[in-house]
Structures are given as C-alpha cells and as structure tokens.
Amino acid sequence: MGTTGTVKALHDVQKESKALAARRLWKGIKRHWQLYLLVLAPLVYFIIFKYIPMYGAQIAFRDFSIVKGITGSDFVGLSHFEAFFKSPNFWLLIKNTMGISLYSLLIGFPAPILLALALNEVRSMRFKKTVQLVTFAPFFISTVVMVSMLIIFLSPRLGFVDQIVQALGFESINFMGVPGYFKSIFVFSNVWQSIGYGAVVYLAALAGINPELYEAAKVDGASRFQKIRNVDLPGIAPAAIILLILSVGQIMNVGFEKIYLMQNPLNVSTSEVISTYVYKTGLLGANFSFSAAVDLFNSVINLILLITVNSIAKRISDSSLW
Amino acid sequence: MSRTHAIRESLGDRIFLAFIYAFLILVLATVIYPLIFIVSSSFSSSEAVVSGRVWLWPVDFSLEGYKVIFSNPMILTGYKNSILYTFFGVLANVVLTVALAYPLSRSTFIGRNLIMMLLVFTMLFNGGLIPTYLTVKSLGILDSPLAMILPGAIAVFQVIIARTFFQSTIPKELGEAAELDGCSDIGFLWRVVLPLSKAIIAVLVLFHAVGTWNAYFDALIYLKSPELFPLQIILRNILILNSVDAGSLVDANQFAARQGLRDLLKFSLIVVATVPILCIYPFVQKYFVQGIMIGSVKG
C-alpha cells in the first residue's frame, strides 16, 4: 500500500516535471520567436532546393514521364540500375572517374603541403609574400577561362607549349586531342590553379606550431630537413587528415564543369566520367530516370566512402569529421 | 651572435635551403608566366599574335582586340547579365546566410542541433542533377534570371563559417544584457551584431561574388534565351566551342585580318572576363585568408 503510494507520487512528480519542461520549452520558443522568423526563409530554401530533389530522386526507381509526375510514374524497381551496370559504358565510366580522382588526389593533395613547407623555410618576408600573392591569384580564374587558356597554350598553332616541343626537335602534338594526355592536363592544371589557395590552411597550421618545439629541435642539433620531418609535419597532420577525408569522400565527384569543357570527340574515351554522362544522357538525351539512377549510385558510393574513411581516420588518429 | 648562427647553419642545411628557393622560384615562374603571356598577347597586334612573336612583353602594342570587344552587343549584354546576377545573387546569399547562421549561433535557440543536422546532411547527400532540374522546372523559373539567383543562394559551408564567427566574436553576455534592456532579437542582430561582423560579411560577399561571376553550369542547364546568358556562357561559345565565329564580331573584310583578330580576341576576352574579379583581390586577400581559416575550423 505504502509502496504503491510512493510510486504514484513519483509518477505525479515525473508528469509534473515533464509538463514543466514542456512549458519551459514553449516559453523559450515564444521568448525568441524572432529567431524562428529569421530561419524561416532559409529553411524554405533548403526544403525546396535540397530536400524536395532528394524526395524526387525516387524517379531512379520509376519510369518518369512528365505527364504522370514524380510519384505517379510507374515503379520499375532496380531495372535502371541493372541497365547501367550491364551497359558497356559502366566499367569505362568507373575507370575514368576513379582514375582521374585518384590521380588528382595523388598529385593535388601533397602539392600545397610542399608549397607551405617550403614557404615556411623562407626568411625574407617580401619573397614569401610575393610567392603567396602570385600563387593565390589563379584561384580567381573561372573554369571557362582556365580551359580556354589550356586550349590556347596547348594548341599546335598559338600555344607556347607546342613551340617548346618543336624547338626541342619533336613533332608538333595536338595535346587536347590525345586521350592519353587528358588526365595529366586536367590534374596538373588543377594544381596550377589551386596550389596557392590550398597552401593557406597549412601555412596557418605551421604558424600555430609552438615555438618551443623549434627551440628544442635546435638544441638537439636537428637539421632543417629533420626539423620539417619531426616538427612541421606532425604540426600540420590534423589539418591534412581532415582535408584528406573530405577529398576521399569526393572521389566519385570529379569536377563536372572543367571536364565537360575539356571534352572533345577525340579524347572522350578517357574524359567521359559519371557526371558528364549523367548530364548528357539525362538533360541532353531526356533520359531522366536512367541518369537519375546513375547519379544516385554515384552519391551513395560517395557517402559510403566518406563514412568509411572517417571511421578509419578516427581509429588511427585523433582527427575526424565527427 | 650572428657568427655562432653562421657556424650552426651546416653545409647540408644551406644546400637544402638553396633547393627550397629554387623550388619556389620555379613555382613562381610557372604560375606567373601564363598570366603574363595572356595579358601581353592581348595588348599586341593581331599579326604578332598569329606569327607567335609574343613571348613575354607586348609586341606592336595595340588595343584592337579591346576595341572590338567593347563595341560588341553580345559581349556587353553578357557583361551586364553577369553583373546583375552577381549583385542580386550576393544580396540573397548574404541576407539568407546571416538569417540562418545568427540564430544557429545562439545557445538559447531551441532546435539548433536539429537544423544543423538537416544542413550538414545536404553536404553529404543530394538528390542529384535531374531531380534538382525538375524541381526548378516545376517552380516555373526555368529560363529566367531567378534560376541564376535562387538555386545556389545558400552554401552550407558559408553558414558554418558565419555561425562559427558569430559564436566566437559576439559575447553571450552582450545578448543577455540587450535582452534585459528590452532589445528584440532582430533589433540586436541589426544594431549590435551586424556592425561587429563586417569581416564575416566581407568573406561571404567575396566567396559568393567570385563563385557567381565565374559560374557557367547553372546557366548551361537553366537558361535557353541568349539575351539572358552571363558572360561565362558567351566566353564558352566563343573560346571553347568556336560556335560563334569571333571574326564575325568585326566588320573586317579581308580574310587574313579576320583570322588574326579571331586569335587576338581570345586573349582580350580572357583579360576582360577576369580583371573585374581579380581587381578586388589585393584589397580582400586578408579577408579571404580569414575566411578559409574560419572555414577550416571544424564546424
């Protein structure tokens, strides 16, 4: 009897505190109603331009027809995915996409680190500033202009690259038309454009290294190279790992904009990647459902890669995204 | 003092340092030479460009390329469109980003974690090109200036940058004091937070302005009417597709003169399209670096 009474009382207290919490919550919301007013428009943006398309991604499982609409179109299950996996393009697209990404990662990831480490050794502030200012500038060049520059420089008629090749006694080459050169042109022009931008983060990480570590290295008689290896590199490792995780999570997303512009009928065998294929079959070929399936496949692979790499990074180091 | 220092700098270290300088000079030259080549060619005569006589500085200084560009209605329309899209795009971006980031920076804002999760999820996963296109189409803004401004109005990384900035620069006590004085949340944002946040607003403006000015993809998929095309699409048609005969932009009658101008115009166009955005660079470098830094801090 006594125990049931206490249990009941306890229940009442819990109920009361729940009601109290709810009331406090409501009061908190009411007191800051203006904050909710502020986020209203941005949230509508996210619903319309991000979440509705996510809902619309279900056309990958349907035979989309404009008349029937997204949810009204016939459900066909995984048949678009099957068609993609069986198509002769599948392995070519995977090979090109992964190939360009891994190549980019291999060259593009260490390049800004090298630049930052080198700049960090420079004692003349003016030289350091000049190099930073100049290498950062190509960041402002648009993709269209960047590709135009590549076409001009590499053209057999106007470009200085081909003139150098000829001056060295080789035959004139139409670089943009050779499938074998496509990846290298893409990757190294990316490095040219983004090395200065990429170095900024690492320079800041280097500036944040505890000066006592350098003092200690000096006392121990470390050479410049040893100091870079044992002080600088561990100092920038956390930033490098975060950036590495992010780029691995983007491995299936090679920049559509630049590749599409660099494509021509001669190099398409190495330059066709998933995103350009989606654009061509989907928007140009009006094959909505099929290309949405290809796109969805791509996004899911990316998501899996990101989660995997992040959990690996978490296990072997202290740096991770979440 | 300097003597002991000189002794400590071993031969190996000095060779190593020489390598570093050589590397940096190589990088510097590689980055700067193509830029100089483009600018010099654009200020040369068309004959000098075609015959490959331009190496470093302009040969037979001339402005013919620029004269043609600035008298061409198609390019001028593209310029005007790009300026309009960039201006209104930046306006929408800054207003929406601040309106979202500021509440998210307040610890009293109940539901902030939920909203943050919804935002970050869109970074990890998206509906894809086709569903996004169909959404824009169903809104009825296809082939209109709104399609250039709305779909890319907010970027999650900018929201995170701005939120981090508000959290770290606006003291909590300031907000509490204002609340006690009867200042509303929007009033506090307008009168106290924004005047203190010029740096972050500069970062938002710059990132979005550079992005919008240089973008061509949204215009490629959403626009059909040539009179709405931004500069980058027109550049693409002339420079990459060669679908517009650059020679036809001029009234030159002689074939040779046309051919020469066609090549010269490519250089002048590149300069004209890049200079507006590059002009602000020296003034804003400080803010850009700041922006990249805040952005790289875990959100």
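Along each chain, residue indices are assigned from 1 in the same order as the chain's sequence is written. Chain A is the first chain written and ligand 1 is the first ligand written, with later ones labelled in order. Only residues with pLDDT of at least 70 get local features here, since the model is predicted, and only at 80 or more are side-chain atom pairs given and counted; chain-wide, interface and lining totals rely on the full set of residues. Only heavy atoms go into the side-chain values, all of them from the structure, while hydrogens and water stay out.

A. Examining the overall build of chain A more closely. Strands here are runs of E lasting at least two residues and helices are runs of H or I lasting at least four, both read from the DSSP assignment and numbered beginning at the N terminus. Helix and strand counts for chain A come out as 16 helices and two strands. The globule rule is 2.2 Å times the number of residues to the power 0.38, and the radius of gyration it is compared with is taken over C-alpha atoms. Relative to the 2.2 N^0.38 estimate, which gives 20 Å for 322 residues, the radius of gyration of chain A is 28 Å and therefore markedly larger than a compact globule would have. For the exposure calls, accessible area comes from a 1.4 Å probe over protein chains only, and a residue counts as buried if that area is under 20% of its type's maximum, exposed if over 50%, partly exposed in between. Looking at chain A as a whole, 47% of its 322 residues qualify as buried. When the accessible surface of chain A is summed, it comes to about 16500 Å², and 67% of that surface belongs to carbon and sulfur atoms. The method behind every accessible area is Shrake-Rupley, applied with a 1.4 Å probe, and residues are considered shielded solely by the protein chains displayed.

B. Inspection of the packing of helix 6 (residues 110-121) of chain A against helix 12 (residues 224-248) of chain A at higher detail. Residues and elements named next belong to chain A. Think of each axis as a best-fit line through the C-alpha atoms, taken over the contacting stretch in the case of a helix, with angles from 0 to 180 degrees between the N-to-C directions. Closest axis-to-axis distance for the helix 6/helix 12 pair is 11 Å, and the angle between their directions is 130°. In terms of orientation, helix 6 lies oblique with respect to helix 12. Relative to helix 12, helix 6 is oriented so that their crossing is right-handed. Here Ile113, Leu117, Asn120 and Glu121 of helix 6 come into contact with helix 12, specifically with Arg224, Lys227, Ile228, Asp232, Leu233, Ile236 and Ala240. Each residue is assigned to one of three groups, with Ala, Val, Leu, Ile, Met, Phe, Trp, Tyr, Cys and Pro labelled nonpolar, Asp, Glu, Lys and Arg labelled charged, and all others, Gly among them, labelled polar. Residue composition of the contact of helix 6 with helix 12, grouped by class: six nonpolar, one polar and four charged. Here is the rule for angles: anything less than 35 degrees is roughly parallel, anything more than 145 is roughly antiparallel, 65 through 115 is roughly perpendicular, and the remaining ranges are oblique. For any helix crossing, the convention is left-handed if the near helix is rotated counterclockwise from the far helix by under a right angle, and right-handed if that rotation is clockwise. Here, residues are in contact when the closest pair of their heavy atoms is within 4.5 Å.

C. Quick look at the environment of Glu47 of chain B. Residues and elements named next belong to chain B. Take Glu47: it is sitting in helix 3 (residues 46-50). A sequence separation of 23 residues divides Glu47 from Leu24, and the C-alpha atoms of the two residues are 35 Å apart. In this view, Glu47 contacts Arg53 and Glu64; residues no more than four positions away in its chain are not counted.

D. The arrangement of the interface of chain B and chain A in detail. Counting residues at the interface gives 93 residues for chain B, matched by 92 residues for chain A. Roughly 8600 Å² of surface becomes buried between chain B and chain A when both sides are summed, with 78% attributable to carbon and sulfur atoms. Any N or O atom pair separated by 3.5 Å or less is treated as a polar contact, with the protein-specific requirement of one donor-capable and one acceptor-capable atom, and with residues adjacent in sequence counted only for side-chain atom pairs. The interface formed by chain B and chain A contains 14 residue pairs in polar contact (both at pLDDT 80 or more). Looking at which element gives the most residues to the side of chain B that touches chain A, the answer is helix 2 (residues 11-42) of chain B, with 18 residues. When the residues that make up the side of chain B that touches chain A are grouped by side-chain class, the tally is 64 nonpolar, 18 polar and 11 charged. Buried area: the accessible surface (1.4 Å probe) lost by two parts on joining, summed over both.

E. Just the confidence of the model for chain B, in detail. Overall, the prediction assigns chain B a mean pLDDT of 82, with 86% of residues at 70 or greater. Model confidence for the complex: the whole-complex pTM is 0.82, and ipTM, which rates the interface, is 0.83. The score called pLDDT rates the predictor's confidence residue by residue, from a low of 0 to a high of 100.

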